[in-house]
Amino acid sequence: MSTWTDKGVVVTGAARGIGRAIAERLHAEGARLVVADILSDPLAETASALDAFAVSGDCSSDLGARRLVDRAQDHLGQIDCFIGNAGIARGEGLDGSSDDDWADSWEVNVMAHVRATRLLLPGWLERGEGRYVLTASAAGLLTILGQPTYAVTKHGAEAYAEWLAATYGHRGVKVHAICPQGVLTDMYPGTGDGGLADVIGHDGALPPAAVADALIAAVEADEFLVLPHPEVRNYFAYRGTKTDSWLRSMQKLQQRLDESAPDQSTNQ
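Residues numbered from 1 in each chain as written. Predicted model: local features only at pLDDT ≥ 70, side-chain atom pairs only at ≥ 80, totals over all residues. Heavy atoms only, no water.

### As for the environment of histidine 75
- Examined against the element boundaries, histidine 75 turns out to sit in helix α3 (residues 62-76).
- A sequence separation of 36 residues divides histidine 75 from leucine 39, and the C-alpha atoms of the two residues are 20 Å apart.
- Once residues within four sequence positions are removed from consideration, histidine 75 is found in contact with Leu33, Val34 and Phe53. (Helix = DSSP H or I, 4+ residues; strand = E, 2+ residues; numbered from the N terminus. Contact = heavy atoms within 4.5 Å.)

### Notes on the pattern of salt bridges
- This structure, assessed with the given rule, holds seven salt bridges.
- Among the ionic pairs, glutamate 24 bridges to arginine 20, the shortest N-O distance being 2.9 Å. With glutamate 24 and arginine 20 both in helix α1 (residues 17-28), this residue pair falls four residues apart, about one helical turn.
- Between arginine 25 and glutamate 29 there is a salt bridge; the shortest N-O distance is 3.2 Å.
- Relative accessible area serves as the criterion here: at 25%, arginine 25 is assigned to the partly exposed category.
- Through salt bridges with shared partners, a single network forms among Arg20, Glu24 and Glu45. (Salt bridge = Lys/Arg side-chain N within 4 Å of Asp/Glu carboxyl O. Buried < 20%, exposed > 50% of the residue type's maximum accessible area, 1.4 Å probe, protein only.)

### Comments concerning empty space enclosed by the protein
- In total, this model carries one cavity of 30 Å³ or more according to the counting rule given.
- Along the walls of the largest cavity sit 13 residues, with Thr12, Cys59, Phe82, Gly84 and Ala112 positioned nearest its centre.
- Within the residue set of the lining of the largest cavity, elements represented by two or more residues are α3, β4 (81-84) and α4 (99-127).
- Per-element accounting of the lining of the largest cavity gives the leading share, four residues, to α4. (1 Å grid on protein atoms, 1.4 Å probe; cavity = no way out; pocket = protein on both sides within 12 Å on 5 of 7 lines; lining within 4 Å. Points joined across faces, edges and corners; volume = space filled by probe spheres on them.)

### Describing the packing of aromatic side chains
- Counted by the stated rule, this structure contains three aromatic pairs.
- With a centroid separation of 5.6 Å and 5° between ring planes, the pair formed by phenylalanine 82 and tyrosine 132 is classed as stacked. In this pair, phenylalanine 82 sits in strand β4 while tyrosine 132 sits in strand β5 (residues 130-135), placing the two residues 50 residues apart along the sequence.
- Residue phenylalanine 82 is classed as buried on the basis of its relative accessible area, which comes to 4%.
- Look at tyrosine 160 and tryptophan 163: their rings are 6.0 Å apart centre to centre, the planes differ by 15°, and that puts the pair in the stacked class. In this pair, tyrosine 160 and tryptophan 163 are both assigned in helix α5 (residues 148-168), three residues apart and thus about one turn of the helix distant.
- Of the aromatic side chains, those joined through ring pairs into one cluster are Tyr160, Trp163 and Tyr168.
- In this structure, arginine 239 is placed above the aromatic ring of tryptophan 246, and the distance from its NZ or CZ to the ring centre is 5.5 Å. (Phe/Tyr/Trp six-rings, centres within 6.5 Å; stacked < 30°, edge-to-face > 60°. Lys NZ or Arg CZ within 6 Å of the ring centre and 35° of its normal.)

Have a look at this one:
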């Protein structure tokens, strides 16, 4: 029997990309699903294909998070696992990232997780079990050039996942942070000319299904970090132990990007 058999699972950002791939894999593993997204039409198609219950709307606000959790609990009976996959990338460089870009990124990429867990933790702690998964990106362990709002808020998401695991792990709450590099979704940048996609895709751009496979494997192994690109583990260790060398290598990458698009260099 699968770990996921008959488990009540919520997946946000499930209309397409990584979220849909995770929902598809968990459906195959026997989970009962609630899927959520702001994209109502593709979400409805996902729900129909996976015999899932759809909740359309913004789940990052306090009201939206409460609505999602309440409707999911009504449908599932109890939520065994919540997968906070919804995320956004806003702005380019420092000058090209407005205050609204920063605020929106913070709300979706960090506060959505805070609001969901506020609602979920009391029940999980009472039962002595629960599982929270968030998509943080390798940008949350390393960084990403050109997109400060994404880099900073994904660091925040990964840090929040660590805090949850450290604080509630001994009380039965399992936490996992998904940290891929390049994944072939709508958020993946265009390729060629030595641009950002060539940096992100250095170790290969994976299909979303590979991220879902990595999540299943990490849960079975009881691992906090979900690393679809295993190379990220070594990069993360290098960053932590040889920080100055790592920063110099990132500076060289940024210089290369500047030279390939000199009209953008002042924004980085």
